[in-house]
Amino acid sequence: MDTILELKNVTRSFKNQGKEAVKAVDRVSIAVKPGEVYGIVGESGSGKSTIARLITRLIDTSSGEIWFEGVNITHLHGAKLRKIYEDMQMVFQNPVGSFDPRKTLGYGIGEGLKNRGIPKKEIRRRVAELLEQCGLQPELADRYPGEVSGGQCQRAAIARALAVNPRLIILDEATSSLDVTVQQQILELLAKLQKEQNLTYIFICHNLALVQMFCDRVAVMYNGKVVEEGLPDDVIWNPQTEYTKNLVESCYLC
């Protein structure tokens, strides 16, 4: 398979307060190869997170198509969409907020396994294994999201994403709420897991330095459009658009 994920002229419009249609995503076409880290970068409001919500079908497209593993998932619902979620997972920006505060981390990590009918004893074993795989002590399964650090909670969120053995993980600003040292640790963990499990990542971020360090290719978004795409070094050191040039300067010259 040449691509694991492909967006073909995808558009998503929203009605603003004046009842006019605003295109949060405007005719975006990207193709992600199996096993690569594909970065999507841009300032707030550029459409990055809307792309993530479209790919995961949390919202519908206004037009265009989304293909995943050779299947058109643009209009899938119900059981067929749930099957897709076994191969596609997402890690969010706010790790604590992504868990139910009334449930333990172990419950959150194992919920996907429970939904698949896995026995409780096997879930407990698998949760402990996933926590260790992500650099955490198995005992943290009994802790609540508010009882651990942000970095620990994000590791637990990564463990939750891994639980169903996905092929694609979408990381939506997954390091932006963490301090610089913890960011580096999370990126090292993600790189290790990718090699071990042949994962594909979509790394959505506003920090070009992190994208340059972590991604194989990058798309630059502005006003809902992809204005530039290429290797991170090429995009950063030889930008083709004025917007990308300004984005680079704001990141590297501040």
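Shown above is the structure to which this text applies.
Residues numbered from 1 in each chain as written. Predicted model: local features only at pLDDT ≥ 70, side-chain atom pairs only at ≥ 80, totals over all residues. Heavy atoms only, no water.

**Quick look at the overall build of the protein**
Worth spelling out the cut-off: We count a stretch as a helix when DSSP gives it H or I for four or more residues in a row; a strand needs E for two or more, and each element gets its number in order from the N terminus. For this measure, only C-alpha atoms enter the radius of gyration; the expected value for a globule follows 2.2 Å times N^0.38, where N is the number of residues. Remark: exposure states derive from per-residue accessible area (1.4 Å probe, protein chains only) relative to the maximum for the residue type, with buried under 20%, exposed over 50%, and partly exposed in between.
A count of helices and strands for the protein gives nine helices and ten strands. Over its C-alpha atoms the protein spans a radius of gyration of 18 Å, differing by no more than 12% from the 18 Å that the globule rule assigns to 254 residues. In terms of overall dimensions, the protein has C-alpha extents of about 55 × 40 × 40 Å along its principal axes. Considering the protein as a whole, with its 254 residues, one finds that 46% of them fall into the buried category.

**Points about the layout of surface pockets**
The condition that has to hold: The pocket and cavity definitions rest on a 1 Å grid over protein atoms only: a 1.4 Å probe that fits but cannot leave marks a cavity, an open set with protein on both sides within 12 Å along at least five of seven lines marks a pocket, and residues lining either have an atom within 4 Å of a point. Grid points are joined across faces, edges and corners, and a volume is the space filled by probe spheres set on the points.
Its volume calculated, the largest pocket comes out at about 730 Å³. The set of elements that each furnish at least two residues to the lining of the largest pocket consists of helix 2 (78-84), strand 6 (88-91), helix 3 (105-115) and helix 5 (150-162). In terms of residues, the lining of the largest pocket owes the most to one element, helix 3, which gives six residues. Taken as a whole, the second largest pocket holds about 360 Å³ of empty space. Along its surface, the second largest pocket is lined by 14 residues, and Gly106, Tyr107, Lys120, Ile123 and Arg124 are the ones closest to its centre.

**Focus on the environment of Asn72**
Put simply, the rule reads: Throughout, a residue-residue contact means that at least one pair of heavy atoms, one from each residue, lies within 4.5 Å. Whenever two N or O atoms come within 3.5 Å, that pair is a polar contact, provided that in protein one can donate a hydrogen and the other can accept it, and provided that, for residues adjacent in sequence, both atoms are side-chain atoms.
Following the sequence through the fold, Asn72 ends up in strand 5 (residues 71-72). Linking Asn72 and Ser177, residues 105 residues apart in sequence, is a C-alpha distance of 34 Å. Each residue touching Asn72, except ones within four places of it in the same chain, is listed here: Glu65, Ile66 and Trp67. One polar contact links Asn72 to Thr74, side chain to side chain, over a distance of 2.5 Å.

**Description of the nonpolar core**
Convention followed: Each nonpolar core is a collection of buried residues, namely Ala, Val, Leu, Ile, Met, Phe, Trp, Tyr and Cys, held together in the definition by side-chain atoms within 4.5 Å.
With 49 residues, the main nonpolar core has Ile158, Tyr201 and Phe203 as its most contacted residues. Once residues lying within four places of it in the same chain are set aside, the contact partners of Tyr201 are Glu36, Val37, Tyr38, Leu168, Ile169, Leu171, Leu190, Leu193, Gln194 and Phe214. The next biggest cluster of nonpolar side chains, apart from the first, holds 29 residues, and it includes Ile30, Leu81, Ile202 and Ala219.

**Details of the sheet that holds strand 3 (residues 37-41)**
To be explicit about the condition: Only strands that DSSP links by at least two bridges are regarded as paired with each other. Between N-to-C directions, angles span 0 to 180 degrees; the directions come from axes that are lines fitted to C-alpha atoms, helices contributing only their stretch in contact.
Strand order across the open sheet formed by six strands is 6-7-8-3-9-10, with mixed pairing between neighbours. Sheet topology places strand 6 and strand 10 (225-230) at the edges, where each strand pairs with a single neighbour. This sheet shows a mean twist of 20° between the axes of neighbouring strands, independent of strand direction. Note: strand 3 against strand 8 (residues 200-205), five bridges, orientation parallel. By the bridge assignment for strand 8, Ile40 is matched with Ile204. Strands strand 6 and strand 7 (168-172) of the sheet are contacted by helix 5, whose axis makes an angle of about 170° with strand 6.

**Some words on helix 4 (residues 120-133)**
Let me state the cut-off plainly: Take the residue count of a helix, subtract one, and multiply by 1.5 Å to get its expected span. What the arc describes is the spread of directions from the helix axis to the C-beta atoms.
Taking 1.5 Å as the rise per residue, helix 4 with 14 residues should run 20 Å; its terminal C-alpha atoms sit 20 Å apart, in good agreement. What helix 4 keeps buried is the set Ile123, Arg126, Val127, Leu130 and Leu131. Along helix 4, the residues classed as buried sweep out an arc of 135° about the axis, all on the same side. Opposite the buried face of helix 4, at more than 90 degrees from it, the exposed residues are Lys121, Arg124 and Glu132. The inward-facing, buried residues of helix 4 contact helix 3 and helix 5.

**Notes on the packing of helix 3 against helix 4**
We count it as follows: Convention used here: angles under 35 degrees read as roughly parallel, angles over 145 as roughly antiparallel, angles from 65 to 115 as roughly perpendicular, and any remaining angle as oblique. Put simply, a crossing is left-handed when the front helix is turned counterclockwise from the back one by less than a right angle, and right-handed when it is turned clockwise. Gly falls in the polar group here, along with every residue not listed as nonpolar (Ala, Val, Leu, Ile, Met, Phe, Trp, Tyr, Cys, Pro) or charged (Asp, Glu, Lys, Arg).
Taken N-terminus to C-terminus, the directions of helix 3 and helix 4 make an angle of 125°; their axes are 9 Å apart at the nearest point. Relative to helix 4, helix 3 is oriented oblique. Like other packed secondary-structure pairs, helix 3 and helix 4 cross with a definite hand, here right-handed. Residues Gly106, Ile109, Gly110, Leu113 and Lys114 of helix 3 pack against Ile123, Arg126, Val127, Leu130 and Leu131 of helix 4. A breakdown of the residues in the contact of helix 3 with helix 4 according to their chemical character gives six nonpolar, two polar and two charged.

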